[in-house]
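# Understanding the architecture of this molecule
The chain contents come next:
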Amino acid sequence: MLFWRGGPGTPSLLLSLLLLAAWKTGSGQVHYSVLEEAKHGTFVGRIAQDLGLELAELVPRLFRVVSKGHGDLLEVNLQNGILFVNSRIDREELCRRSLECSIHLEVIVNKPLQVFHVEVEVKDINDNPPVFPESKKRIIIAESRPPETRFPLDGASDADIGVNSALTYRVDPNEYFALDAQNNREQTSSLSLVLRKSLDREQIQEHSLVLTATDGGKPELTGTVQLLITILDVNDNAPEFDQYIYKVTVLENAFNGTLVIKLNATDLDDGTNGDIIYSFRRPVSPAVLYAFIINPNSGEIRTRGKLDFEEKKLYEISVEATDKGNIPMAGHCTVFVEILDINDNTPEITITSLSLPVREDAQVGTVIALISVSDRDSGANGQVTCSLTPRVPFKLVSTFKNYYSLVLDSALDRESVSDYELVVTARDGGSPSLSATASMSVEVADVNDNAPAFAQPEYTVFVKENNPPGCHIFTVSARDADAQENALVSYSLVERRVGERALSSYVSVHAESGKVYALQPLDHEELELLQFQPRQPNPDWRYSASLRAGMHSSVHLEEAGILRAGPGGPDQQWPTVSSATPEPEAGEVSPPVGAGVNSNSWTFKYGPGNPKQSGPGELPDKFIIPGSPAIISIRQEPTNSQIDKSDFITFGKKEETKKKKKKKKGNKTQEKKEKGNSTTDNSDQ
């Protein structure tokens, strides 16, 4: 960005270069960078273009950006697909003193559901000056202290990072004191005021110096503290520690009272001037006071509060050993306490963006849910792996670091399994490892992928002739494995011609109940066999069953379901099923259960072991075997007849019977005419 600034004097040019970068890694993640404190509307990157999305599809696909915990710092203009700064970004507030600071964005679009991960690095600017813990620092020094004696000072802190927080120090020029600053691997400064020449209290009782800290930013910023040094003319030996710096480690799960270190300082003076009291040097940070306690007499430092590696990894404790002289003297040291991590944090699982229920015809690879896991531990203790139970028909796909997608791995079938109870397990790499589980229920939504099916492909129904119009003759039933409205079945007839008339003039089927009705009286002599086919009106339903109905005459019934005697005689139902007897005199044959037109046997009993019929005319003189060309004729003789039993039953062919029936029908017609002229009511023989 280029800025011009002018005035009444010589115009000046202010050139500010804002470096923005966008690049893609192998995993498909997009990275940007932006300076902290950038103004509202500052361009960050062409996020839609970099993600391969067309501008026209951003709104229809519900393009949205989610930033967990970072509010609305960044926004996307859906008109041009540009990511821009929406509100003030303070790197120090966002990431404190972490060397790496970035805002993680989840970009989500629908149709189909996709998620992209974007990292926006927030670069530091030098916007924080060094700050000392006190504006004034009082130091008491005995005049007997020899040259090269060191007096520790509290350094300044700078909230920035990198070169912007690299501090240098200077003190006002003087002949008695010099400044010594040493950096160590812990990135902290050991700052001391060094006595260059012997003091003379009688000449100067107090020295006032200004200590200045300057950071490495451009432009540089500074901070100051006033040093008020008072010279005392008493106890001339100060306690001294064995070391100036101590380094120790302690586990974060250490019990209260655990010994951290035992310090030792010595004083060459005698008596009370050599007695030492240990204490934390002021000012003491609240974190140190909460976590540790020091024994003033023994110098032992012990734990007193709960340590948490995830909250604080390193403590810097300044310790002071002061003697009991009239004019106390003190020695100083610094203790660095490093907290060691243990596996004390269970992984956490977050499930978002559930797309439920899942249609059973969903494509393999369909994203069902987004899952993220986290663990506050570090190293192997914080490395989390995810697993899914059961493994089919879903799977977890790692999308970025600790982010996963739950996707469909194989085809669904609601009729086999209508819902799944899934358990996501997150396990860290600690020893022993800790794990957490999250359960989710995935419901499978039904689609109309099953046609209705009848219980059997063909039904045979036997009906009396001369039935009343509208009588119920049979009920068909079909089932559909789908659910709700997809399982509703309706029935209709496949229309066809029966002779000169339409099938629908003979029978009808109720669309909902499947009940089949005869619309008119049926005449066996006119129509012996009526075949028709119910079906479902939906063109996707492809299965049907054929129904066959037999019609019967009153003289003999061919392929009939009812045996009817002459006038005044009772109707006799089909004989019950029984086993064929090996005794010839039993005269018994039997059909299977539900015998129809394809059955080839009927039960008929006679002989000594069976009850005598109540009178002639209750049995037909002949009947046929359905599905067979044979016909069985029966003659009844007087009770005392000596005719052989085998003469009672004869076998012939249907063709012969049909000829006889035609002849008999002609006779019947003649008889009916005669009966019409007679006043006597004759019965069938």
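This text gives an overview of the structure that appears in the document. (Residues numbered from 1 in each chain as written. Predicted model: local features only at pLDDT ≥ 70, side-chain atom pairs only at ≥ 80, totals over all residues. Heavy atoms only, no water.)

Any two side chains of opposite charge can pair if their charged atoms end up close together. This model, assessed by the stated rule, comprises 13 salt bridges. In this structure, the salt-bridge partner of Arg 61 is Glu 57, at a minimum N-O distance of 3.5 Å. Since its relative accessible area comes to 24%, Glu 57 is described here as partly exposed. Here Lys 395 makes a salt bridge to Asp 409, at a shortest N to O gap of 3.6 Å. (Salt bridge = Lys/Arg side-chain N within 4 Å of Asp/Glu carboxyl O. Buried < 20%, exposed > 50% of the residue type's maximum accessible area, 1.4 Å probe, protein only.)

It is worth spelling out the side chain of Asn 126 at this point. Within the secondary structure, Asn 126 is located in the loop between strand 10 (114–123) and strand 11 (136–142). A distance of 2.9 Å separates a polar side-chain atom of Asn 126 from the backbone oxygen of Pro 219. Beyond its immediate stretch of four places on either side in the chain, Asn 126 contacts Asp 160, Asn 164, Asp 215, Gly 217, Lys 218, Pro 219, Glu 220 and Leu 221. (Helix = DSSP H or I, 4+ residues; strand = E, 2+ residues; numbered from the N terminus. Polar contact = N/O pair within 3.5 Å; in protein donor to acceptor, adjacent residues only side chain to side chain. Contact = heavy atoms within 4.5 Å.)

Pairing in this open sheet of four strands is antiparallel, and the strands run 27-29-32-31 from one edge to the other. The open sheet has two edge strands with one neighbour each: strand 27 (348–352) and strand 31 (394–400). The mean angle between the axes of side-by-side strands here comes to 30°, regardless of whether they run parallel or antiparallel. Relative to strand 32 (residues 403–408), strand 29 (residues 367–374) is paired through five bridges, and the arrangement is antiparallel. Note that in strand 32 the partner of Ala 369 across the bridge is Leu 406. (Pairing = 2+ DSSP bridges. Axes fitted to C-alpha atoms, helices over the stretch in contact; angles between N-to-C directions.)

To continue, consider a negative patch on the surface. A cluster of acidic residues, Asp 523, Glu 525, Glu 526 and Glu 528, forms a negative patch on the protein surface. Here Asp 523 shows up in the loop between strand 43 (515–518) and strand 44 (529–532). (Patch = residues over 30% accessible without salt bridge, like charges linked within 9 Å, V, L, I, M, F, W, Y side chains within 5 Å. Areas by Shrake-Rupley, 256 points an atom, 1.4 Å probe, with all protein chains shown as cover. Lys, Arg positive; Asp, Glu negative; His and termini not counted. Charge placed at Lys NZ, Arg CZ, Asp CG, Glu CD.)

The final tally for this structure, using the stated rule, is three cavities of 30 Å³ or more. In this structure, the largest cavity occupies an estimated 60 Å³ of space. When its residues are assigned to classes, the lining of the largest cavity shows five nonpolar, no polar and three charged. (1 Å grid on protein atoms, 1.4 Å probe; cavity = no way out; pocket = protein on both sides within 12 Å on 5 of 7 lines; lining within 4 Å. Points joined across faces, edges and corners; volume = space filled by probe spheres on them. Nonpolar A, V, L, I, M, F, W, Y, C, P; charged D, E, K, R; others polar.)

Turning to the packing of aromatic side chains, a few remarks are in order. The final tally for this structure, using the stated rule, is seven aromatic pairs. Each ring, one from Phe 454 and one from Tyr 491, has its centre 6.4 Å from the other, and the planes form 45°; the classification is tilted. In this pair, Phe 454 is assigned in strand 35 (residues 453–454) and Tyr 491 in the loop between strand 38 (478–479) and strand 39 (492–493), connecting sequence segments 37 residues apart. Like Tyr 491, Phe 454 is buried. In this arrangement the basic side chain of Lys 312 is found over the ring face of Tyr 315, its NZ or CZ atom lying 5.5 Å from the centre. (Phe/Tyr/Trp six-rings, centres within 6.5 Å; stacked < 30°, edge-to-face > 60°. Lys NZ or Arg CZ within 6 Å of the ring centre and 35° of its normal.)

Phi is mostly negative for residues that are not glycine, and the peptide bonds are mostly trans. At the junction of Arg 282 and Pro 283, the peptide bond is cis and its omega measures out at 0° in the coordinates. Its place among the elements puts Pro 283 in the loop between strand 22 (276–280) and helix 3 (286–291). Here the bond from Thr 389 into Pro 390 is cis, since omega is -10°, no more than 30 degrees from zero. Positionally, Pro 390 belongs in the loop between strand 30 (384–389) and strand 31. The backbone of Leu 62 shows a phi angle near 55°, a positive value even though the residue is not glycine. Within the element layout of this structure, Leu 62 appears in the loop between helix 1 (47–50) and strand 6 (64–66).

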